[in-house]
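For reference, the chains in residue letters:
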Amino acid sequence: MQMYYLIPLVLMAAAFAYSMHVRKKAMAEAASMTPEQNEQRFSDLYAPYYELQPGERIIGNWSGVEYQVPAGTARRIAGGALNAASAAMIGVSSYVPNVHVGLTSSGRVLVSREYSDFGKRGNYKHHAALDQGTRAFNQDATYPGQDIGSRPGNPFNPLVGLEFIQLRSPSGDTYEAWLSPQGTRPGQHGFSSILQSLG
């Protein structure tokens, strides 16, 4: 009877072993590729999220959620009630969209934003393109001492907190999001924040 308590442990161990096997296989495959092939593979993985120019590749990608300006308490309560009623009546509710932010080989910064298709989430389309020279700023540099609302959970890795980022192009265009510091760039060991690439 006490054997039932072991089932979750066995399942967790099996999932861990499988993820390690997949990671080892991917690392072995990557090690056999040239740096150029690795860069192209990386770009091919993220390119469907964005509208690239001819010859342009994705050389960095960060994921998170779009920043929403916090609403007042009364507005938040009313919005929550309306959202619940909408979901109950027609099966559709509002949500904070997930986003991907990509750095291209030409220096442009692209944003891909999630949208729902008949209530099904997980669809993405190109949302914005910021010019070469776009910089990334954290909360202290953007809204020093101000309350920007509570940090949302990370939908891509619940164990890693998101950081507030404002992207600011030389032309003055801005885009704000909560991004994971676990961004990736080919040729760079480990994860990095977008602040390290565009700060």
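Up top you'll find the structure we're talking about.
Heads up: these notes are all about the structure in this document.

Procedures and definitions
- Residues numbered from 1 in each chain as written.
- Predicted model: local features only at pLDDT ≥ 70, side-chain atom pairs only at ≥ 80, totals over all residues.
- Heavy atoms only, no water.
- Helix = DSSP H or I, 4+ residues; strand = E, 2+ residues; numbered from the N terminus.
- Polar contact = N/O pair within 3.5 Å; in protein donor to acceptor, adjacent residues only side chain to side chain.
- Contact = heavy atoms within 4.5 Å.
- Buried < 20%, exposed > 50% of the residue type's maximum accessible area, 1.4 Å probe, protein only.
- Pairing = 2+ DSSP bridges.
- Axes fitted to C-alpha atoms, helices over the stretch in contact; angles between N-to-C directions.
- Core = buried A, V, L, I, M, F, W, Y, C linked by side-chain atoms within 4.5 Å.
- Phe/Tyr/Trp six-rings, centres within 6.5 Å; stacked < 30°, edge-to-face > 60°.
- Lys NZ or Arg CZ within 6 Å of the ring centre and 35° of its normal.

## Focus: the side chain of Asn61
Inspection of the secondary structure puts Asn61 in strand 1 (residues 58-66). One polar contact links Asn61 to Tyr50, side chain to side chain, over a distance of 2.6 Å. Apart from the residues lying within four places of it in its own chain, the contact partners of Asn61 are Phe42, Tyr46, Tyr50, His100, Val101, Gly102, Gly183 and Thr184.

## Here we look at the side chain of Ser180
Tracing the backbone shows Ser180 in the loop between strand 7 (174-179) and helix 5 (194-198). A relative accessible area of 7% means that Ser180 is categorised as buried. Within the structure, Ser180 has its side chain in polar contact with the backbone nitrogen of Gln182 (distance 3.0 Å). Beyond its immediate chain neighbours, meaning those up to four positions away, Ser180 contacts Trp62, Ser63, Asn154, Val160 and Leu162.

## Brief notes about the sheet that holds strand 3 (residues 109-117)
Strand order in this open sheet of seven strands is 4-3-2-1-7-6-5, and the pairing throughout is antiparallel. Among the strands making up the open sheet, the edge pair consists of strand 4 (120-130) and strand 5 (135-137). The average undirected angle you get between the axes of adjacent strands in this sheet is 35°.

## Thoughts on the nonpolar core
The biggest cluster of nonpolar side chains holds 16 residues, and the ones touching the most others in it are Val101, Val109, Leu167, Tyr175, Leu179, Ile194 and Leu198. Elements supplying a minimum of two residues to this core: strand 2 (98-104), strand 3, strand 4, strand 6 (163-168), strand 7 and helix 5. Excluding residues within four positions of it along the chain, Val109 makes contact with Val101, Gly102, Leu103, Ala128, Ala129, Leu130, Thr134, Leu167 and Leu198. Within the second largest apolar cluster, six residues are counted, among which are Tyr67, Leu162, Phe164 and Trp178.

## Let's talk about the packing of aromatic side chains
Overall, the coordinates contain eight aromatic pairs when judged by the stated rule. On the basis of an interplanar angle of 55° and a centroid distance of 5.0 Å, the ring pair of Phe42 and Tyr46 is categorised as tilted. With a gap of four residues between them, Phe42 and Tyr46 both fall in helix 2 (residues 35-46), about one helical turn apart. Here Phe42 and Tyr46 have matching classes, each one buried. Measuring from centroid to centroid gives 5.2 Å for Tyr49 and Tyr124, while their planes differ by 90°, and the two rings are edge-to-face. Linking Tyr49 in the loop between helix 2 and strand 1 with Tyr124 in strand 4, this pair joins segments that are 75 residues apart in sequence. In this structure an aromatic cluster arises from ring pairing among Phe42, Tyr46, Tyr49, Tyr50 and Tyr124. When the ring centre of Tyr115 is taken as reference, the NZ or CZ atom of Lys125 above it lies at 5.2 Å.

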